[in-house]
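# Structure assessment
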Amino acid sequence: MANSKILLCLAHMSGQEMKYIQEAFDTNWVVPLGPNVNAFEKDLEALCEQGKHVVVLSSGTAAIHLALVNLGVSRGDEVICQSMTFSASANPIVYQGATPVFVDSEADSWNMDPNLLEEAIKDRIAKTGRKPKAIIPVYLYGMPGMIDEIMEIANRYEIPVIEDSAEAFGSRYRNQLCGTFGDYGIMSFNGNKMITTSGGGALICPDEATKRKIMFYATQSREPMPYYLHKEIGYNYRMSNICAGIGRGQMTVLDEHLAHHRHLCDRYVELFADVDGITVHLNPDERYDSNYWLNTILIDPAKTGVDYETVRQHLESCDIESRPLWKPMHTQPVFAGAPAYVNGVSEHLFTMGLCLPSGPCVSDSDVERVAHEIISCCKR
Ligand SMILES: *Cc1c(COP(=O)(O)O)cnc(C)c1O
């Protein structure tokens, strides 16, 4: 089967998942709580270290939403969010009736530019008389960002940080897990992410009391009374015990998945080494340890004689899936009018970048086929 379709990033089962799901059925724990939920949370807490507490939820988007709810973000507030990201980073800000304020990226990691972040904070205070309520940096395609600088600024202005680590499960910065630097961190287990629960997410919380409060919001804010008493608006955001069983099975192969994503990155680097005008996005220095969830390249049309969209269409005609980089939020029609602090980096990257097939379902020969087809598009 030389020419089967090569997809961007497919779910890949360890074989252990069915055991945990069977246990759930055998014991009739087919509900959004139970032994798999508790054990999956313990697995994730062990991965996080730092004394963090983890709540598993129905999605990564729900995790961002509940962090904002717990920080008291409401109508009229502003929340700073990285502009170059998936819309799910910013949508929950609007669910709360607040306004996103977008901040551009720096060119090394492609993530939030700390200088621009501080400029944005100062300018929002000058213009509105109030501080933004939270900061949401993102780790695109698994690449860590300049989190030390971002935390220093956030601490100086006393603004809480929610790290959107949805794409960076298992990535590390200075050997510390991404998502554990800020007040909150979010994980996603959607079908296309590093590990999957078919759909799901988690919120990394600073302490046990916060974890309990997040669980309260995630289960309809029910007060501890025999009858149903509610003093706050609640949500139905808890993870199912069946999904958590998938998550437990996936955790058994996390290290193998990480190793394979990184191995494919090395292969792409080798295959493009002699191609002028194609660069693989790599860890900027030794502090960064990306999971390389999606391997991404920049295609310089001036040097290759071809633009990313022509390459993408050629790959599609060869049954190879690829995808442009995230279109910056400050250029999205739905967020038109939101304040934005930009430096041109994200818009520039968007005109040059392509995400390539990555992950456990992609073989070495698949990567060779992908690289061969891309190189065939370039001028000699
Ligand atoms: C996938 C993703 C999310 C949302 O996670 P879901 O589990 O799909 O809700 C948030 N932010 C980023 C950057 C993502 O890639």
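Up top is the structure.
Reference entry: report on the structure contained in this document. What you are looking at is a predicted structure, and each value in this text was computed from that prediction instead of being measured. In this convention, every chain numbers its residues from 1, walking through the sequence in written order. The predicted nature of this model means local features are confined to residues of pLDDT at least 70 and side-chain atom pairs, given and counted, to a pLDDT of 80 or more, with totals for whole chains, interfaces and linings taken over all residues. By convention in this description, side-chain values take in all heavy atoms of the structure and omit both hydrogens and water.

### Brief notes about the layout of surface pockets
What counts, and what does not: In this analysis, the protein atoms alone were mapped onto a 1 Å grid. Cavities are point sets where a 1.4 Å probe fits without being able to get out; pockets are open sets with protein on both sides within 12 Å along at least five of seven lines; lining residues have an atom within 4 Å of a point. Grid points are joined across faces, edges and corners, and a volume is the space filled by probe spheres set on the points. Helical segments are the DSSP runs of H or I of at least four residues, strand segments are the runs of E of at least two, and each set is numbered from the N terminus. By the convention adopted, Pro, Cys, Tyr, Trp, Phe, Met, Ile, Leu, Val and Ala count as nonpolar, Lys, Arg, Asp and Glu as charged, and the other residues, Gly among them, as polar.
The computed volume of the largest pocket comes to approximately 260 Å³. Considering the residues around the largest pocket, the lining is formed by 20 residues, among which Phe-86, Ala-88, Ala-166, Ser-188 and Lys-193 are closest to the centre. Those elements giving two or more residues to the lining of the largest pocket turn out to be helix H3 (60-70) and strand E8 (184-188). Considering every element that reaches the lining of the largest pocket, the biggest residue donor is H3, with three residues. Grouping the amino acids of the lining of the largest pocket by side-chain chemistry returns eight nonpolar, nine polar and three charged.

### Examining empty space enclosed by the protein
Taken as a whole and judged by the stated rule, the model has two cavities of 30 Å³ or more. Of the voids in this model, the largest cavity is the one considered here, and its volume is about 50 Å³. Taken together, Leu-10, Ala-11, His-12, Gly-191, Lys-193, Met-194, Ile-195, Thr-196, Gln-250, His-257, His-261 and Pro-360 form the lining of the largest cavity. Taken together, the residues of the lining of the largest cavity sort by class into five nonpolar, six polar and one charged. Its volume calculated, the second largest cavity comes out at about 30 Å³. Residues belonging to the lining of the second largest cavity are distributed by class as follows: five nonpolar, four polar and no charged.

### A few points about the sheet that holds strand E9 (residues 201-205)
Threshold: Here, a strand pair is defined by DSSP locating no fewer than two bridges between the strands. Note on method: axes are straight lines fitted to C-alpha atoms, helices fitted across the in-contact stretch only, with angles between N-to-C directions ranging 0 to 180 degrees. We call two residues in contact whenever any of their non-hydrogen atoms come within 4.5 Å of each other.
The strand order E1-E9-E8-E5 describes an open sheet built from four strands, whose pairing is mixed. Edge positions in the sheet fall to strand E1 (53-57) and strand E5 (162-164), since each has one partner strand and no second. On average, each strand axis in the sheet is tilted by 20° relative to the strand beside it, whichever way the strands run. Of the strand pairs in this sheet, E5 and E8 are connected by three bridges, and their pairing is parallel. From the neighbouring strand, Asp-164 faces E8, where its bridge partner is Ile-186. Together, E1, E8 and E9 form the strand contacts of helix H2 (residues 35-48), whose direction differs from that of E1 by roughly 135°. Docked against the sheet, helix H7 (residues 208-218) engages E1, E8 and E9, running at close to 10° with respect to E1.

### Focus: H3
An α-helix turns once per 3.6 residues; consequently, residues spaced three or four apart project the same way. Where we set the bar: Between buried and exposed lies partly exposed: a residue is buried under 20% and exposed over 50% of the maximum accessible area for its type, with that area taken using a 1.4 Å probe on protein chains only.
Among the 11 residues of H3, nine are classified as buried, and the element is accordingly described as predominantly covered. Residues of H3 that are buried include every one of Gly-60, Ala-62, Ala-63, Ile-64, His-65, Leu-66, Ala-67, Leu-68 and Val-69, and no others. Positive phi appears at Gly-72, one or two residues downstream of H3, with a value of about 75°.

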